[in-house]
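The residues making up each chain are set out below.
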Amino acid sequence: MIDKMQKTVLRVNFISKGFSNVKAVNNISFAVEQGDIYAFLGPNGAGKTTTIRMLLDIIKPDSGNIEWNLNGKQNKVPNAEHIGYLPEERGLYLDIPILKSLVYMATIRGMEKAYAKKTALDWLERIGLADRAKEKLQVLSKGNQQKIQFVASILHKPEFVILDEPFSGLDPLNQELFIDFIKEINNQGTTILLSAHQMSLVEKVANKLFLINNGNEVYNGSLSGIYQLFGERIIIELQLEAPFNETTFQYLNGAESIDSIDDLRVKITFGQETNLKNVLHDLTKIEGICDITSHKPDLHEIFVQLVKKQ
Amino acid sequence: MIMKYLKQVITVTRWEFSRFYKPKNEALGLIIMIVTSVVFYFGGKYAFSDTDKKLEISVYMDMDAALTEFLSNHYIVKEIQKAEMAKLIELMRNEKVGVLLESDSKNFVVHAYKNTRAIKNLKTHLTEYHKQREMQKIGLSPDELTAVLSPAPVIESFVYTDNSGKRVVLSYFFAGLMIMAVFLSFAYQFTAITGEKQLKITEQIVSAISPQVWMDGKIFGITLTGISSMLTYAVLSIVGGMLFFQFTGLPASGILDYIYLPSIVIYLPFALVGILIWNAILAAIASIITDPNNSGKSSLMMLPLFFVIASFLITRDPDSGLSIFLSWFPLTSATSMPMRWAITEVGYWQLSGSFILLVLTFYFLRKLAAKIFRVSILITGKEPTFSEVYKLSKMT
C-alpha cells in the first residue's frame, strides 16, 4: 500500500514484461514522490518506453503491480485528468489549427473547453506562438511543433506528467528551453517522470534517477547519491604522439578501464581509492604523452561504467 | 462513469465530425455536380443537334410511291436517276455525305459512308414501314395488329395488394444513399485511423481515453459525416426530381408520390444502423493497417460493396429463402429488409426482429473493433497480421 504520509504518488512493484523471446523489462521496482523530477534513464532499447506504457495501462505487465495515488485516490490505472503524457512516438494533427488541436487534447482529458482555450492561449503566449494560434501545425518548424506537443501534454495542469524523450530532435537552445519548461511546471507542483538518454541534460533538472539497461535496474536513488557512490573516481584523458597501444598503459596502478577515444586519444578511469599524485607520477614514466587532462565522471560516464560492471 | 464515457464519446464524435465534414467542400462538390450535369445536358443537345436535323435520302424515281411518301414524313427525300448512283457513291467516298436507299418487293438496300445514328433511325423507320406493308398484304388493320400483340387481359384480385412500384424506387434510392455514405466513411475512416497512426497521435490519445471511447467516437463522428453528406444529396435529389417533373410536363408535386412516409420511417433507422455497422468494420480493418499505400489489407475496405450489391437480389424474388436470409443477415439486412418490405408482405415482427439483430451486431462489432485497435497498437514496428491480432486478442 502507498504511504500517504510520504506522499508517494507512484509505486512500481517488481514489474516485468516480455515480447516473444525478449525480456523488455525485468523485475524492476521504484517509487516517485510528490514534487520529484524523477529521471528514468537508459540507452535506446533499455526498456524505458515499455515501462511507461505499463504505467499508463497501454500495455499490461506480465508480473508485478503498479499503484497510483493521484488526487488523493489510489488506483491501479492513472486517471487521465490528473496525468499528462508526452510519448516518444509523438505527433499532433498537422492539418488542423494549433489552438483547436490543443483545446481538443485538453478536453478529452476532462478540461472544460472555455478554460482549455484560455490556458492554451496563455501557454502559446509563453512560448512565443500566440500569433500563430489559428495556423495549422504543419507550417511550424520542427522545434516549434515539439513545443506545441509539449504544451498538449501539460495543458490540463496534470498532477503527474510523463515526458518520454522530450529532448529528442531539439537543438541545444531548445533543449535548454525545455529544461526551463520542466523546471517551471515542477515549481507549480507537477511531479515529473522524465525518460531520456541525454544524461547531461537530465542531471540539470532531476533530483532522483533510475538507471535501466537491457530491462534491468542499474541504479535507483538520488542524483547526489550516485555521485557519492560512483563519482569519486578520477578520469584522465591523454593526448598521444603515436597511435594508442593498450599494453603501454596496462601496468598503471588503480586503472579500472582504459578506453580509446580515437587513435591518438585515450581515456583511463581510476578507482575511488586512487591518488591523483601517484597517477601523474606513473604517467611521467610513459613516453609519447603530449597532453593530460583530468575530471570527475559525469552521469554519462558513471552510467557507462555501471553498465560495463553489470 | 457512464456520464464520463458519454461526455468523452461526444467530444471525440464532435471532433471527428468537424475534422471531416466541410460544408464549403460539400457546397463546392454540389456546384461542380450541377455545372457538370448542365454542361453534359446542353453539350449533349448541341453535339447531337446535327443528327437531329432532317437527313437527306436519295431514292430512285421508280421506287414504291408509298415508301417515298412514308419517308417524306421523316426525311428530305430526293429522287434521282439510276445513272446518278455512281456519282453519289463517289461523293460518299470522298465527301463522307449522302444516303442512297434502294428497295424492291423484298429488301431494302442502304448505301452510306458508315453506320451512324441517323442510319440506325432509318432502319427503325424501315422496319415500321415493313410491318405496315406486310399487314396490308394479309389484310390486317392496325387495330387488329395491336390486339394481336397486346398481353392477355388478366384482371388481378389479390388479398394483399402493395402499390410497390413507387416504394421500390424509394428503396433503391435509400440503398444508393447508403452505398454513398459507406464509401464516404471508407475514405474518412482510412484517413482518420491510419492517418493518426502515421502522425503518431494514437499513443497520446489512448493515454487520455480508453480504446472503446476512441473507437466509438470515431464510428459515430464519421457516421454523422456520412449521413450529413447523404442528407445533402437526398435533398438535392428531391429538388432535382421536382425539376425533372416540371421539365417533363408533370406537376412538381409528383415527386411526393415517391416520398412515402412510412417507408422513410423504416428505411432511416435501418440505414443508420447499417452505416454504423460498416463504420465499425472499416474502423477495425483500418486499425490493423499501418501504411495504407502498401498494405494488402486495404482491399478489404471494398467489402461493403459486395454485401450491398447482394441485397439487390431481393428484387428477383422477395419471398425466396435467399431473400429472407438476406433481410435478416446483419451485413445485408440494412438494405434488404426495407427493400423486401417495399415489394412484398413483411410482418412487423420480422421488421423489428431484423432491426434488433442489426443493433446487437453493431453493439458487439464496436467492442470487437476497439479490442482489435487496442491489440494492434501493441504491435509496433510492423503491420500486424490477422493471426497476431487474433492471438493477442485472446491473451488480453
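Quick summary incoming for the structure in this document.

### As for the overall build of chain A
Stage number 1. Secondary structure summary: chain A contains nine helices and 14 strands in total.
Stage number 2. Each of the three principal axes of chain A carries a C-alpha extent, and together these read 75 × 45 × 40 Å.
Stage number 3. Taken over 310 residues, chain A has a buried fraction of 37%.
Stage number 4. Counting only contacts in chain A whose residues sit at least 6 apart along the sequence, the fraction spanning at least 24 positions is 68%.

### Digging into the overall build of chain B
Stage number 1. Helix and strand counts for chain B come out as 16 helices and four strands.
Stage number 2. Going through the 396 residues of chain B one by one, you find that 31% of them count as buried.

### Observations regarding the nonpolar core
Stage number 1. Ala39(A), Leu41(A), Leu102(A), Leu155(A), Leu194(A), Met178(B) and Ala280(B) are the most contacted members of the largest nonpolar core, which totals 138 residues.
Stage number 2. It is helix 11 (residues 261-287) of chain B that provides the largest number of residues to this core, a total of 16 residues.
Stage number 3. What Leu155(A) contacts, discounting residues up to four positions off in sequence, is Leu102(A), Met105(A), Ala106(A), Ala116(A), Thr119(A), Ala120(A) and Trp123(A).

### Things to note about the sheet that holds strand 3 (residues 37-41) of chain A
Residue and element names in this part refer to chain A.
Stage number 1. Pairing is mixed in the open sheet, where six strands are placed in the order 6-7-8-3-9-10. Two strands in the sheet have a free side with no partner beyond their single neighbour: strand 6 (83-86) and strand 10 (216-222). Neighbour to neighbour, the strand axes of the sheet diverge by 10 degrees on average, direction disregarded.
Stage number 2. Pairing analysis gives six bridges linking strand 9 (residues 208-213) to strand 10, with the strands arranged antiparallel.

### A few points about the pairing of strand 3 (residues 99-103) of chain B
For a regular strand, the rule is simple: side chains alternate between the two faces of the sheet.
Residue and element names in this part refer to chain B.
Stage number 1. As paired elements, strand 1 (residues 56-60) and strand 3 share three bridges and run parallel to each other. By the bridge assignment, serine 58 is partnered in strand 3 with leucine 100.
Stage number 2. Bridge count between strand 3 and strand 4 (residues 108-111): four bridges; the pairing is antiparallel. Within strand 4, the position partnered with leucine 100 by the bridge is histidine 111.
Stage number 3. Hairpin geometry of strand 3 and strand 4 is characterised by an intervening segment of four residues between the two adjacent antiparallel strands.

### Thoughts on the sheet that holds strand 3 of chain B
Residue and element names in this part refer to chain B.
Stage number 1. Spatial ordering of the open sheet is given by 2-1-3-4, a layout of four strands whose pairing is mixed. Each of the sheet's edge strands pairs with one partner strand only, and the pair in question is strand 2 (76-80) and strand 4. The average angle at which neighbouring strand axes cross in this sheet is 30 degrees, direction not considered.
Stage number 2. Direction of pairing for strand 1 relative to strand 2: parallel, over a ladder of five bridges. Residue tyrosine 60 lies in a different strand from strand 2, and its bridge partner there is isoleucine 80.
Stage number 3. The strands that helix 4 (residues 65-72) touches are strand 1, strand 2 and strand 3; relative to strand 2, the one it contacts most, it runs at about 145 degrees.

### Topic: the interface of chain B and chain A
Stage number 1. If you look at the interface, chain B gives 15 residues, while chain A gives 17 residues.
Stage number 2. Those elements giving two or more residues to the side of chain B that touches chain A turn out to be helix 1 (2-20) and helix 9 (202-206) of chain B.
Stage number 3. With five residues, the single largest contributor to the side of chain B that touches chain A is helix 1 of chain B.
Stage number 4. Within the side of chain B that touches chain A, the residues separate by chemical class into eight nonpolar, four polar and three charged.

### A few points about the pairing of strand 1 (residues 8-19) of chain A
Residue and element names in this part refer to chain A.
Stage number 1. Pairing analysis gives eight bridges linking strand 1 to strand 2 (residues 22-33), with the strands arranged antiparallel. Looking at the pairing, lysine 17 lines up with valine 25 of strand 2.
Stage number 2. As consecutive antiparallel partners, strand 1 and strand 2 are separated by two residues, and within that stretch serine 20 has a phi angle of approximately 50 degrees, a positive value.

### A few points about the packing of helix 10 (residues 211-247) of chain B against helix 15 (residues 348-376) of chain B
For any two helices packed against each other, the geometry comes down to the angle between their axes and how far apart the axes lie.
Residues and elements named next belong to chain B.
Stage number 1. It is at 9 Å that the axes of helix 10 and helix 15 come closest, and there the two elements cross at 120 degrees. Here helix 10 is positioned oblique relative to helix 15, judged by the angle of their axes. Where helix 10 crosses over helix 15, the two elements pack in a sense that is right-handed. Contacts between helix 10 and helix 15 involve Pro211, Gln212, Met215, Asp216 and Ile219 from the first element and Arg366, Ala369, Ala370, Phe373 and Arg374 from the second.
Stage number 2. Classifying every residue of the contact of helix 10 with helix 15 gives six nonpolar, one polar and three charged.

### Some remarks on helix 12 (residues 303-310) of chain B
Stage number 1. Among the residues of helix 12 of chain B, those classed as buried are Pro304(B), Phe307(B) and Val308(B). Taken end-on, helix 12 of chain B shows its buried residues confined to a sector of 100 degrees, consistent with a single buried face.

### Description of the packing of helix 10 of chain B against helix 11 of chain B
Residues and elements named next belong to chain B.
Stage number 1. Packing of helix 10 against helix 11 leaves a shortest axis separation of 9 Å and a crossing angle of 130 degrees. Classed by the angle they form, the pair helix 10 and helix 11 counts as oblique. Note on packing geometry: the crossing formed by helix 10 with helix 11 is right-handed. Touching Met215, Lys218, Ile219, Ile222, Thr223, Gly226 and Ile227 of helix 10 are Ile275, Leu276, Asn279, Ala280 and Ala283, all from helix 11.
Stage number 2. Of the residues in the contact of helix 10 with helix 11, the class split is eight nonpolar, three polar and one charged.

### Some words on the environment of Thr274(A)
Residues and elements named next belong to chain A.
Stage number 1. For threonine 274, the position within the fold is in the loop between strand 13 (265-270) and helix 8 (276-283).
Stage number 2. Judged by the 19 C-beta atoms lying within 10 Å of it, threonine 274 is partly exposed.
Stage number 3. Between the C-alpha atom of threonine 274 and that of glycine 254, which follows or precedes it by 20 residues, the distance is 5.8 Å.
Stage number 4. Once you skip the residues sitting within four places of it in the chain, threonine 274 turns out to touch Ile234, Gly254 and Val279.

Thresholds applied
- Every chain is numbered independently, its residues counted from 1 as its sequence is written.
- To read the labels, note that chains go from A and ligands from 1, taken in the order they are written.
- Reporting of local features is limited, given that this is a predicted model, to residues whose pLDDT is at least 70; pairs of side-chain atoms are given and counted only at 80 or more, and all residues count toward the totals for whole chains, interfaces and linings.
- Counting from the N terminus, the helices are the DSSP runs of H or I reaching at least four residues and the strands are the DSSP runs of E reaching at least two.
- Residues are called buried when their C-beta atom has 20 or more other C-beta atoms within 10 Å, exposed when it has 12 or fewer, and partly exposed otherwise; all C-beta atoms are positioned from the backbone.
- Each residue gets a C-beta atom placed from its backbone, and two residues are in contact if those atoms lie within 7 Å.
- For our purposes the nonpolar core covers buried Ala, Val, Leu, Ile, Met, Phe, Trp, Tyr and Cys residues that link as a set through C-beta atoms within 7 Å.
- Being paired, for any two strands, means DSSP has found at least two bridges between them.
- Axis lines are fitted to C-alpha atoms, over the contacting stretch for helices. Their N-to-C directions set the angle, which ranges from 0 to 180 degrees.
- Basically, the charged four are Asp, Glu, Lys and Arg, the nonpolar ten are Ala, Val, Leu, Ile, Met, Phe, Trp, Tyr, Cys and Pro, and anything else, Gly included, counts as polar.
- Oblique is the label for any angle not under 35 degrees, not over 145, and not in the 65 to 115 range, which are roughly parallel, roughly antiparallel and roughly perpendicular in turn.
- Note on convention: near helix rotated counterclockwise from far helix by under a right angle means a left-handed crossing. Clockwise means right-handed.
- Starting at the helix axis, one direction is taken to each C-beta atom, and the arc is that of these directions.

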